[in-house]
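Breakdown of the fold
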Amino acid sequence: MKPRLARCDETATLWRIRNLAIRHGCQDAYPADVISAWTPDALPHGYFEAVKSNPFYVVDDAEYGVAATGFLDLHSGSVEAIFTLPTCNGKGYASAIMQAIIDEARQRGFNQLTLAATPNASSFYQRHGFRVVREALYPSALAQADLPCVEMIREL
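Looking at an unreviewed UniProt entry, the protein chain carries the name GNAT family N-acetyltransferase, with the source organism given as Pantoea trifolii.

See the structure below:
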C-alpha cells in the first residue's frame, strides 16, 4: 500500500471518510450532539482548498476504494485530517499516510510538525514520534464548541 496524492474530484469522498471516522472514533471523546454538528454532510469550501493547496494523501483499498486520508498543511506545518474508514481500521493505512507526510515535510525543509489530536487519537501519534505539548481546547466553528484536544509536536 503506497499513499498517493488525492485528486480534487475526490474531495467529497475524503470529507465522507473524515465524517465516518469522527462519528465512529470520537464517540467516547465528545457528546453526540457535538459530533453531529462537527460532521455535517455538506462539504465546506475550505476543505476543497485544503485538498487543492496542500500535499493531501490517500490510500486506496482494493474493496472500498479511497480508505484513508491525511495532509500536511504547508502554511502551519501541521498534520491534518488523518482519517480511516472504520471498516479499514487496523490495516496500517493511517501509518502509511503519516510516513508520507513526514517524508514530505522533510523534503520541504520543515524542522518539526505539529498537530492537535482528538483524545482518542493521541496514542496513534505518540507511536509515530509525536510528544504531548499540552491539553487544550480547539475552537471548532463547525461543532460550535471548544473541543478538548491534545497539542503535539514532532521534531524532524
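Turning to the pattern of salt bridges, a few remarks are in order. Taken as a whole, this structure holds eight salt bridges when the rule is applied. With a closest N to O distance of 3.2 Å, Arg23 and Asp41 form a salt bridge. One end of the pair, Arg23, is in helix α1 (residues 11–25); the other, Asp41, is in the loop between α2 (32–38) and α3 (45–53), with 18 residues separating them in the sequence. Salt bridges here are not isolated pairs; linked through shared partners, they connect Arg4, Arg7, Asp9, Glu10 and Asp60.

The next subject is the packing of aromatic side chains. One pass over the full model with this rule turns up six aromatic pairs. Both rings, one in Tyr30 and one in Trp38, keep their centres 5.5 Å apart while their planes meet at 85 degrees; by these two values the pair is edge-to-face. For Tyr30, a relative accessible area of 5% corresponds to the buried category. Since its relative accessible area comes to 10%, Trp38 is described here as buried. Ring-pair connections join several aromatic residues into one group, and the members of that group are Trp15, Tyr47, Phe56 and Phe71.

Let us now look at the pairing of strand β4 (residues 78–84). With six of its seven residues buried, β4 lies for the most part within the structure. In this structure, strand β3 (residues 65–73) lies alongside β4, joined through five bridges in antiparallel fashion. When the sheet's bridge partners are listed, Phe71 is paired in β4 with Glu80.

Conventions adopted
- Residues numbered from 1 in each chain as written.
- Predicted model: local features only at pLDDT ≥ 70, side-chain atom pairs only at ≥ 80, totals over all residues.
- Heavy atoms only, no water.
- Salt bridge = Lys/Arg side-chain N within 4 Å of Asp/Glu carboxyl O.
- Helix = DSSP H or I, 4+ residues; strand = E, 2+ residues; numbered from the N terminus.
- Phe/Tyr/Trp six-rings, centres within 6.5 Å; stacked < 30°, edge-to-face > 60°.
- Buried < 20%, exposed > 50% of the residue type's maximum accessible area, 1.4 Å probe, protein only.
- Pairing = 2+ DSSP bridges.

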